[in-house]
Amino acid sequence: MRAFAKPFRGGIHPVGYKEFSQDCAIEKLPAPKRVYLGLQQRNGTLLSALVSVGDSVGKGQLVAKGANDMAVPLHSPINGTVEDIRDYVSAHPSGIKIKTLVIKNNGDSSWSQQHGSIHPLSLASDEMLQRILDAGIVGLGGAGFPTGIKLRLARDKQVHTLIINGGECEPYLTCDDRLMQEYAVDVVLGSQLMAKAIGARKAIIAVEDNKPASIQALKIAAAELHDIEIQVVPSLYPMGSERHLIKAVTGKTVAPGTLSVELGILVHNVATARAVYHALRFNRPLIDRVLTVSGAGIEQPKNLLVPIGTSVADLLSACGGLTMSAQRLVAGGPMMGQVIPSPYTPIDKSIGGLLALTDQEVRDEQSHDCVRCGRCVAACPMGLMPFQMAAHSRVSDYDGAQDYGLNHCLLCGACSYVCPSRIPLVQHFSHARGEINAQRSMAQKSALARLLTNARAERLAKEAAQRKAEKAAKAAERKKKAAQRKAQQASESGE
Ligand code: SF4
Ligand code: SF4
């Protein structure tokens, strides 16, 4: 194996647990009886349903869209009938209920006619980007940001290098690894198309050195293409973080508070590259995704191609159900994932993993006082002082936590992982960030309310002044007419 110098400061080597599913080829999950498509995105953007209860819908049909490009359109992943539009549990960590389209499967798995094959390299950049937007593609690495918008911004900033993220550094997750092995050609061609759409000179597919089969498959798939490079990077958590991958691949540092496009670099995930290939080559919207179902709490760990909107319960039953020792369900990886609030939660486009963890894996141990060992500082890839941020967050001193860099924290969990006192550092940070956001939105609401109150008072004063002026004008008019009448009477009486 190649020996690497440390590509960035901090970082950790968590236990991988990838052996649960790394040899499991991707299986296509049969479409479930029902899918649940939420009409509110993770960022709060609302979508309007384009169908009504009782309507028949086809696989790939547009069923909901929003007011602008930030609202990614939704397509039906199955052929069936709209059974209901009702409030239903969402994939948001709070489990908040949102308006949801419930589509009942009719058992037919064919695509409708409109999804034929096309020659994407003949498309102009604008048309490529529009098709990507119309296909409802979001970043499948977990961020969920609309891919078309990210690509358009990159083109406008004249990005020269596209990096395709094949890091998959979270423990347990192996879906990207399997995707790179089994769909290497799709990933390579999707990367090439994305690079063409934004005018980038080259695309680099970066893969961690613990995925030799993926590296080999991608090298074979890209062998004839001079504008695609496969680069091996060391496995070090959090290599999947955009700024750390850029550092490892190019040696360049994305300064805190800036975007990678300022350096002429754009990063996308391997699964997103495949989705782009399908959208441009076959005119197919994003209606399914590959995810890993794993953990010691699951009977049969698998990598599955899953229709968007499938419920967690359906996924669990496809994997033989939970073991007796299963204790917690997590969406995503164990480092950055979120606890799933309900087994009926539907899989949305951002979820790349479903873990069933046991007591032993959850490591919910009693936390102790900080012993100032500095391990969290050494592990932090952002160069922060986690123990200081936690001390301020714990007493709700959010300004103090921000002074120590809370806004730059990736919530990667490396600090919590190494802490010998088992202090749930990252939980303090997520809580603090949530509170700050809530305070900010409260302040914005109060400012808006103040603005509206002032505007109302101004309008009322203006209306009162107008009424007064009209009254005065009418009185003057009456006075004038009375004077005219008097003058006329005087002239008629010969006075
Ligand atoms: S690793 Fe834990 S115990 Fe050590 S300094 Fe950081 S918070 Fe304190
Ligand atoms: S969670 Fe934040 S503070 Fe902790 S290691 Fe990651 S970036 Fe640093």
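Residues numbered from 1 in each chain as written. Chains lettered and ligands numbered in written order. Predicted model: local features only at pLDDT ≥ 70, side-chain atom pairs only at ≥ 80, totals over all residues. Heavy atoms only, no water.

- By the naming in an unreviewed UniProt entry, the chain goes by Ion-translocating oxidoreductase complex subunit C and is assigned to Reinekea thalattae.
- According to the UniProt record, the Subcellular location (unreviewed entry) comment for the chain reads "Cell inner membrane".
- Taken from UniProt, the Function (unreviewed entry) comment for the chain reads in full: "Part of a membrane-bound complex that couples electron transfer with translocation of ions across the membrane." (UniProt positions renumbered as here; feature names shortened; annotations may be inferred.)

### Observations regarding the site of ligand 2
Link 1 in the chain: Ligand 2 sits among 13 residues. The nearest are Cys380, Cys409, Leu410, Cys412 and Cys415.
Link 2 in the chain: Along the lines of polarity and charge, the residues of the shell around ligand 2 split into 12 nonpolar, 1 polar and no charged. (Near = heavy atom within 4 Å. Nonpolar A, V, L, I, M, F, W, Y, C, P; charged D, E, K, R; others polar.)

### Quick look at the domain arrangement of the chain
Link 1 in the chain: Taken domain by domain, the chain comprises domain 1 (26-107 + 117-291), domain 2 (292-358) and domain 3 (365-490).
Link 2 in the chain: The interface of domain 1 with domain 3 comprises 7 residues on the first partner and 6 residues on the second.
Link 3 in the chain: Regarding the contact of domain 1 and domain 3, the summed buried area is about 480 Å², with carbon and sulfur atoms giving 74% of it.
Link 4 in the chain: Inspection of the region where domain 1 meets domain 3 yields 0 salt bridges.
Link 5 in the chain: Across the domain 1-domain 3 interface, the total number found is 2 residue pairs in polar contact (both at pLDDT 80 or more). (Domains from an automatic or database assignment. Contact = heavy atoms within 4.5 Å. Buried area = accessible area lost by both parts, 1.4 Å probe. Salt bridge = Lys/Arg side-chain N within 4 Å of Asp/Glu carboxyl O. Polar contact = N/O pair within 3.5 Å; in protein donor to acceptor, adjacent residues only side chain to side chain.)

### Some words on the sheet that holds strand 16 (residues 338-339)
Link 1 in the chain: One open sheet holds the 6 strands; their spatial order is 1-14-13-17-15-16, and the pairing between them is mixed. Pairing within the sheet leaves two strands with one partner each, and these edge strands are strand 1 (26-28) and strand 16.
Link 2 in the chain: Judged from the 3 bridges that link them, strand 13 (residues 288-294) and strand 17 (residues 353-358) form a sheet pairing that is parallel. Each residue of the ladder has a partner; that of Ser294, found in strand 17, is Leu355. (Pairing = 2+ DSSP bridges. Helix = DSSP H or I, 4+ residues; strand = E, 2+ residues; numbered from the N terminus.)

### Quick notes on a nonpolar patch on the surface
Link 1 in the chain: Taken together, the side chains of Leu448, Leu451 and Leu452 define a hydrophobic patch exposed on the protein surface, amounting to about 320 Å² of accessible area.
Link 2 in the chain: Mapped onto the secondary structure, Leu448 falls in helix 14 (residues 425-492).
Link 3 in the chain: The partly exposed category is assigned to Leu448, whose relative accessible area is 48%. (Patch = residues over 30% accessible without salt bridge, like charges linked within 9 Å, V, L, I, M, F, W, Y side chains within 5 Å. Areas by Shrake-Rupley, 256 points an atom, 1.4 Å probe, with all protein chains shown as cover. Buried < 20%, exposed > 50% of the residue type's maximum accessible area, 1.4 Å probe, protein only.)

### Observations regarding the pairing of strand 17
Link 1 in the chain: For strand 17, the tally of buried residues reaches 6 of 6 residues, placing the bulk of the element in the interior.
Link 2 in the chain: Two strands pair when backbone bridges link them, and strand 15 (residues 326-331) and strand 17 are joined in this way by 5 bridges, in the antiparallel orientation. In the sheet register, Leu329 faces strand 17, and the bridge partner there is Ala356.

### Section: the UniProt feature "binding site: [4Fe-4S] cluster 2" (unreviewed entry) in the chain
Link 1 in the chain: UniProt's feature table lists "binding site: [4Fe-4S] cluster 2" (unreviewed entry) at Cys380, Cys409, Cys412 and Cys415, given in the numbering used throughout. Across 36 residues, the annotated set stays spatially compact, with a maximum C-alpha separation of 10.6 Å.
Link 2 in the chain: Under the relative-accessibility criterion, Cys409 is labelled buried at 12%.
Link 3 in the chain: Apart from residues no more than four positions distant in its own chain, Cys409 is found in contact with Leu384, Met389, Phe429 and Arg433.
Link 4 in the chain: In this structure, Cys412 sits in the loop between helix 12 (398-403) and helix 13 (414-418).

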